[in-house]
Amino acid sequence: MNGFVFAYEGFDPVEEGLREALTSTGNGSLCARGTAEWEDADRVHYPGTYAHGVYNRETTIIGGLPVLNEDLVNLPNWLVLKLRIEGEDAIRLSDVKLLSYRHELDIRGAVVIRELRFRDHSDRETMLRSRRFVSMADVHQGGIEWTLTPENWSGRVEVVSALDGRVTNSGVARYGQLEGRHLDPGGPRTFGSEVIALKVETRQSNLHISQAARTRVFDDRGPLAVDRGLYQMEDYIQQVLAFDVEEGNAVRVEKMVTFYTSHDRAISDTLVKAGTSALRCPDFGEAFERHVSAWDELWQLCDIRVPGNERVQLLLRLHICHILQVCCRNTVDRDAGVPARGLNGEAYRGHVFWDEMYVYPFLNFRLPEVTRELLLYRYHRLDEARAAARQAGFRGAMFPWQSGSDGTEETQRIHLNPLSGRWEPDLSHNQRHVNAAIFYNIWHYVQATHDVVFLREQGAEMMLEIARFWASIAHFNRDRERYEIHGVMGPDEFHEKYPGAPDGGLRNNAYTNVMVAWLCGVCREVLSLLPAARAEALREKLGVDDEELRIWDDMSRRMFVPFHDDGIISQFEGYGELRELDWAGYRTKYGNIQRLDRILRAEGDDPDRYRLAKQSDTVMLFFLFSYEDLRRLFGRLGYAYGADTARRNIAYYDQRTSHGSTLSLVTHAGALAALDPKTSWQRFLAALESDVGDVQGGTTKEGIHLGVMSGTLDLVQRGYAGAGIRDGVLCFEPRLADELDGLSFPMQFRGTPILVTFGGGRLTLDAHREGGNSPIKVAVHDEVRELRAGERCTFELRPEWRSERQAQE
C-alpha cells in the first residue's frame, strides 16, 4: 500500500546493522531485529530479541575495580531458519551470488520481508521469499514464512529450524569489555514430533524465558511429508526437516514460535506453557490475518496523513510503527517503562531516561490507557525513589536518571570514550531534571484525559513527593532573596561540573529552576482537583502541612534564574564566563562535531571550559511552554519576558549547540515553529531523517531513538497544527506550510475521539458518534466552541495562519 512500504534494494553489508534496526518487528511486549533468519551474529548481522522488563545485572572488573551494569537482555534467537541443498553447507549471503535482493518493512503490519534470487557455487538458481511478524493480536506469538522456489534444479533440501540460547549482549562495540553473558541454560525439550522448545534463565535476576517452535512444510497440495532429525544441547535445540523439491515448484516453510517469561500471568512453567501453546498455534496464514487486523485497528487511532509529500508521509508512518512496536495496548500490565532506544538494540542498556517526555504527547491523544500504564512504571518504583532521596540527604522522591528493573540508579560511574579509548568518569546521574519531567508528564496526561482516578490513586502522590524533593534540594539565598539549586546537571550533558572543580554538578541550571518554579505553582491545583477527603488523606499520609505548601508557593515566585549578555538566560550560573569555542575551526578539522565532548577530551581538553551544548537545554523551555505560559511564569518570578526573549535565546544557543542528540533537532524545531516556521520545517525534516540516515554515524544500528521518532509526530501535532490544552479547552494555533495542506489525524480528548483535518484554509473537527457523554470545548486561537459526539466544527483560518499558496487563492 502506498505510503506504508519502507524498502531497500540490494544488499549492503555496511548498512545491514542499520537496516536490521529500522525493520524490526514488535508488538508492544517483545521486539525482534530485522535480521535475516539464515544469518548468525557477526560483524555484519546481529539477531536480537528483547522484551519489556527482562533485565539482568552483571559485574565486570575494569582497572581492578568492579563495575556493575544492568542490561536489557538479548533473548534466545528464535529466528533461525537455514537452507541446505543436497547436504551442502547452509546458504549464507556471503557464499552465493545475489541475482536480486529486496529487504522491506511493511509498515502497515510491521512485517519484515526479504525477496532474493541467488546462484550457488553449483550454478543452481533459487528464489526465496521470507515474511516475518511478531503478533500484535497474540502477544506470545510470532511467525516466519519462507516460500522457496528452485528455478533451474530439482533435488533434496534440508531446512534447519532452531532455538539458540547461546546468545550474548554484544551489539554495542563500546561495551565490548563489559560482561555480556546474561543467560544460563535451562534445558531443551520436544512436544511431539513437530515442536521444539528451549528454556533459559537470567543469571542474576532469575527470570525464566522459554520459547517453542513448530515448523511445517507445504506445497500447493497441502502439508508435505518430511523427514525430521533432532539435535540438542543444554542451550540449543534444532530440527532438520528434509524433503525433495522440483524445478519451478514452490514450497512453503512455516515456523510458528511462542514466547513466555516468568513475568507472564497464569503460568506454572514457562517451558510447558510455550510448548503447549506452540502445539495449539494456528497456521501462519490465520495468525497473520489476526495480526494485520490488530494493526489495522491501531492505524485507525494513530495514523497521520500528509498528502503531497511522500517522503514525510512514509517516515512519519515508519515512526508511528516503531513507537507502537514498543508502546501499545499489549504494553499494559507489563510493568514497562519507555526505553530510550526502543526494544531493538542494546544501546543505553535498555534503560528508561527522560525521553518519555517526547513520547507521551502522541500517546496521550491516541492511546491514553498506554500512557497511564507507562506512568505506573514510575509509581511502582516510588518507594525506591524515596529511598534514593533519603540516602542523598533529601526528602520526597528522587527518581534516577537511568532506570531499569527496580528503579535504582543505573547510570554508569564510568564510560568509554571511543575516540580516546579511555574510561572516563560519568557524572550524568546528576541530571535530576528527570524528576521535573515525570511531574510534567503526569500533569499533561491528566490534562488530556481528565483521569482524576489516576490522579487520586497514584499521580498526585508522585507529584507531591517530587515537589518535596525539589524543596529539599533547593536552598534560600538571603542575599538574593531567591531559592537556588546546586549540584545538578541540565539536559546539555556536555557540562558536568565547573572547570577544575573536584565535585560534579552546576549551580542554578536555568531549565531546572524554571521547571521547579512551574511545578511548585501547580501543586495547589493538583490538590484542588482531588475530592476534599482524598486531598486531606493524602496530605496526612505524606505529612504535607500548610507550611510546606507555603514554601512550595514561595518557590514558585522566587526561584533564581541566571542571565548574562543583556537578557540571555544563562544555561547555568557562570555560563557566560566560559570561553567561546572556535566552532569553524573544529568543523574544518573534524567534520562531524556532534560529540564535541569526546573530541575535546581526546585532545586533552575539557568541554566544561566552553560555551557549548550537546543538545537543547535552556531552549527546552521554549519547546515545552507557549509564549503566554512563559510570560506568566517569568512574570510570577519577577523577571522580564519580552516578545523577543524566545527568539534571542534560541538564536544564541543554536550557535553554540552541536546537536549531538537527535532530540535537539526536535526541540529546536518545536521552539521555532511559531517564530520561524521555515527554519523549523528544515529542522523537522532533519529530525525526520535522523534515524533512517543514521546521522550520528553508526548509533541507530544499536537501537532506534524513540524520542526523536515520537518527537517528529509531536511536531506535526503540537508544533504545526498547534494543538494544546488551555484551561480545559483543546486549542489549535495552526502554523501551516504548503507541505501540510490536507493534513489530517485522529485524536482523543477527554474521552471524545476527533478527526482533525486542515484544508482549503479551514480546520475541521469531526467528533466520533461514540464519543463521551459530555461536550468538549475546542478553540482556534480565541474562538471557543463546544463539540459533542457526532458533531462537526469548522473554523476559518486567518490569512496569517495559512500557507502562502492558500493565502493567494
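Remember, it's a predicted structure, so these values are computed and weren't measured experimentally.

About the thresholds
As a convention, each chain's residues are numbered from 1 in the sequence order in which they are written. Under the rules for a predicted model, residues below a pLDDT of 70 receive no local features and side-chain atom pairs below 80 are neither given nor counted, while totals for whole chains, interfaces and linings still include all residues. Values reported for side chains reflect all heavy atoms of the structure, with hydrogen atoms and water molecules removed beforehand. At least two bridges found by DSSP between two strands is the condition for calling them paired. The secondary structure listing takes helices from DSSP runs of H or I that are at least 4 residues long and strands from runs of E that are at least 2 residues long, numbered from the N terminus. Contacts are residue-level and defined by heavy atoms, with any inter-residue pair within 4.5 Å sufficient. For each residue, the accessible area found with a 1.4 Å probe, counting protein chains only, is set against the maximum for its type, and the residue is called buried under 20%, exposed over 50%, and partly exposed in between. Side-chain atoms alone can form a polar contact between residues adjacent in sequence; in general such a contact is a pair of N or O atoms within 3.5 Å, and within protein one must be able to donate a hydrogen while the other accepts it.

(A) Quick look at the pairing of strand S13 (residues 183-191). Two elements, S13 and strand S14 (residues 195-202), share 8 bridges in a ladder whose sense is antiparallel. Bridged to Pro185 within S14 is Val200. Hairpin connection, S13 to S14: the antiparallel pair is bridged by 3 residues, and Gly192 has positive phi, about 75°.

(B) Geometry of the environment of Lys97. Relative to the helices and strands, Lys97 is located in strand S8 (residues 97-106). Linking Lys97 and Gln431, residues 334 residues apart in sequence, is a C-alpha distance of 52 Å. Discounting chain neighbours no more than four positions away, the residues touching Lys97 are Arg117, Phe118 and Arg119.

(C) Up close: the side chain of Arg124. Along the chain, Arg124 turns up in the loop between strand S9 (111-119) and strand S10 (125-134). When its relative accessible area of 12% is taken as the criterion, Arg124 is described as buried. Within the structure, the side chain of Arg124 is placed 2.8 Å from the side chain of Glu88, a separation counted as a polar contact. Polar side-chain contacts of Arg124 include one of 2.8 Å to the side chain of Asp120. Those residues in contact with Arg124 that lie beyond four places of it in its chain are Ile85, Glu86, Glu88, Phe118, Arg119, Asn152 and Trp153.

(D) How the structure looks around the pairing of strand S23 (residues 482-485). Here S23 shows a buried face lined by Arg482 and Glu484 and a second buried face lined by Tyr483 and Ile485. Note that strand S22 (residues 474-477) and S23 share 4 bridges and pair antiparallel. Opposite Ala474, over in S23, you have Ile485 as the bridge partner. The turn joining S22 and S23, which pair antiparallel and follow one another in sequence, is formed by 4 residues; a positive phi near 60° is taken by Glu481.

(E) Examining the environment of Arg648 more closely. Among the secondary structure elements, Arg648 is positioned in helix H17 (residues 645-654). For Arg648, a relative accessible area of 32% corresponds to the partly exposed category. For the pair formed by Arg648 and Ile568, sequence separation is 80 residues and the distance between their alpha carbons is 7.3 Å. Every residue in contact with Arg648, bar those within four places of it in the chain, is listed here: Asp565, Asp566, Gly567 and Ile568.

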